[in-house]
Amino acid sequence: MRTLLIFLLAFVTSTINAQCPDDRHPHLIDLGLPSGTMWACCNLGTNDVNGFGDYFSGDFSSENLKKLLGDTYTIPTIDQLKELEDQCDYKFYTYNGVNGVLFTGKNGNTLFFPAAASYCGSEDGDYSINDEGSGAYWSQSHSNYDDYNDFMEFYYDDWDKDMTVCFGERKSVYNKLPIRAVKASNETSLNGITIENSDIKPYELRVNNGVVTINTNNSNKPTTWEVYNLDATCYNSGSSKKKTICINDLSKGVKIIKISIDGKSWYEKVQITH
């Protein structure tokens, strides 16, 4: 029995490690998600799959954060985190002595999130560990409240005897959470020309029922947008200081949206289905 248990533990551990070509983490993991999102195999600030990594405030102003992300990675949106819950099987799991949640994609690949807890602070600048034994991970998505960001949390449910995954919002300044990065989508094509984005996006973009919604906390700075067809013709544009901007009356097909805030621009490719 003991030999069987050792074999099973070794098999699961080797399965997780087999997705990485070597021990020089991080690597990108393909879970076969509908969005095509590729996830880093470990948290930002660590080279261990079960490591907690660094903890970051939700304003994402740390120079160390920008260095760790580089050009390859970015902070996931809340939709990308929710996709893990929607499209993967998940369960409580202990990996090399560290508790956490194990997501398994439809292609059989796995992604381990350690229960790294979080740090909560106060106005005097003191931080203390919060909810030890649980896990909380930032998204780059802004909440509907000022200076709050959406995040994913998981904890062991004594009643169900398994991990519960949920989502909420926390004040960006007084909370420090780990980050599990995703591959940055830096390229978009407009009339055959490849356009690259850079920097962390200060907004969240969603498409629902043909309406493009841009959420941003930059209420004192105007957000301008331009909507292009793939042949580079612009047929919709505008500017607003509102935190939530809705772009309506878009025709069917693939569109490129240029979003400009505070002198910087980002390009998004969206599919309008009706």
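Residue indices follow the written sequence of each chain, beginning from 1 at its first position. Where local features are concerned, this predicted model is filtered to residues with pLDDT of at least 70; where side-chain atom pairs are given and counted, the filter is 80 or more; whole-chain, interface and lining totals use all residues. Each side-chain value is worked out from all heavy atoms of the structure, with water and hydrogens disregarded.

## Regarding the sheet that holds strand 22 (residues 253-261)
- Taking strand neighbours across the sheet as the criterion, the four strands line up as 20-19-22-23 in an open arrangement whose pairing is antiparallel. Edge positions in the sheet fall to strand 20 (234-240) and strand 23 (264-272), since each has one partner strand and no second. Strand-to-strand, the axes of this sheet are offset by a mean angle of 20 degrees, without reference to chain direction.
- By the bridge criterion, nine bridges tie strand 22 to strand 23 in an arrangement that is antiparallel. Bridge pairing in strand 23 links Lys255 to Val270. Strands are labelled as partners when DSSP assigns at least two bridges between them. In DSSP terms, a helix is any run of H or I states spanning at least four residues, a strand is any run of E spanning at least two, and both are numbered starting from the N terminus. Convention adopted: a line fitted to C-alpha atoms gives each axis, helices being fitted over their contacting stretch, and angles between N-to-C directions are expressed from 0 to 180 degrees.

## Focus: the packing of aromatic side chains
- Working definition: a ring pair exists when centres of Phe, Tyr or Trp rings (six-membered ring for Trp) sit within 6.5 Å. Plane angles under 30 degrees give stacked, over 60 give edge-to-face, the rest tilted. Scanning all chains against the criterion turns up twelve aromatic pairs.
- Each ring, one from Tyr55 and one from Tyr119, has its centre 4.9 Å from the other, and the planes form 85 degrees; the classification is edge-to-face. Remark: Tyr119 occurs in strand 8 (residues 118-121) and Tyr55 occurs in the loop between strand 2 (38-40) and strand 3 (56-57); sequence separation between them is 64 residues.
- Each residue is placed in one exposure class: buried if its accessible area under a 1.4 Å probe, protein chains only, is under 20% of its type's maximum, exposed if it is over 50%, and partly exposed if it falls in between. Judged by relative accessible area, which is 21%, Tyr55 ranks as partly exposed.
- The interplanar angle of 20 degrees and the centroid separation of 6.1 Å between the aromatic rings of Tyr137 and Phe154 together place this pair among those described as stacked.

## Observations concerning the side chain of Lys255
- Along the polypeptide, Lys255 turns up in strand 22.
- For Lys255, a relative accessible area of 3% corresponds to the buried category.
- Pairs of N or O atoms are called polar contacts if they sit within 3.5 Å, as long as, within protein, a hydrogen donor faces a hydrogen acceptor (for residues adjacent in sequence, only side-chain-to-side-chain pairs). One polar contact links Lys255 to Ser251, side chain to side chain, over a distance of 2.9 Å.
- Note on definitions: a residue-residue contact is assigned when non-hydrogen atoms from the two residues lie within 4.5 Å. Among residues more than four places away in sequence, those in contact with Lys255 are Val227, Tyr228, Asn229, Tyr235, Glu268, Lys269, Val270 and Ile272.

## Focus: the pattern of salt bridges
- Between Lys or Arg on one side and Asp or Glu on the other, a salt bridge is scored when a side-chain nitrogen of the former is within 4 Å of a carboxyl oxygen of the latter. For the structure on display, the rule yields four salt bridges.
- Linked through salt bridges whose partners overlap, the residues forming this network are Asp79, Glu204 and Arg206.

## Considering unusual backbone geometry
- Backbone geometry at Ala117 places phi at a positive 55 degrees, although glycine is not the residue there.
- Tracing the sequence through the fold places Ala117 in the loop between strand 7 (110-114) and strand 8.
- Relative accessible area serves as the criterion here: at 3%, Ala117 is assigned to the buried category.
- At Asp262, a position not held by glycine, the phi torsion is positive, near 55 degrees.
- Take Asp262: it is sitting in the loop between strand 22 and strand 23.

## A few points about the pairing of strand 7
- For strand 7, a buried count of five out of five residues is recorded, marking the element as mostly surrounded by other parts of the structure.
- Residues of strand 7 alternate between two faces, with Thr110, Phe112 and Pro114 on one and Leu111 and Phe113 on the opposite face, all of them buried.
- Bridge count between strand 6 (residues 98-104) and strand 7: five bridges; the pairing is antiparallel. From the neighbouring strand, Phe103 faces strand 7, where its bridge partner is Leu111.

## A look at the side chain of Ser134
- Relative to the helices and strands, Ser134 resides in the loop between strand 9 (127-130) and strand 10 (135-142).
- Residue Ser134 is classed as buried on the basis of its relative accessible area of 7%.
- The contact partners of Ser134, leaving out residues within four places of it in the chain, are Ala115, Ala116, Ala117, Glu153, Phe154 and Tyr155.

## Quick notes on the pairing of strand 6
- With five of its seven residues buried, strand 6 lies for the most part within the structure.
- With seven bridges connecting them, strand 5 (residues 89-95) and strand 6 associate as antiparallel partners. Opposite Tyr90, over in strand 6, you have Phe103 as the bridge partner.
- Hairpin connection of strand 5 to strand 6: two residues between the antiparallel strands, including Asn96 at a positive phi of 50 degrees.

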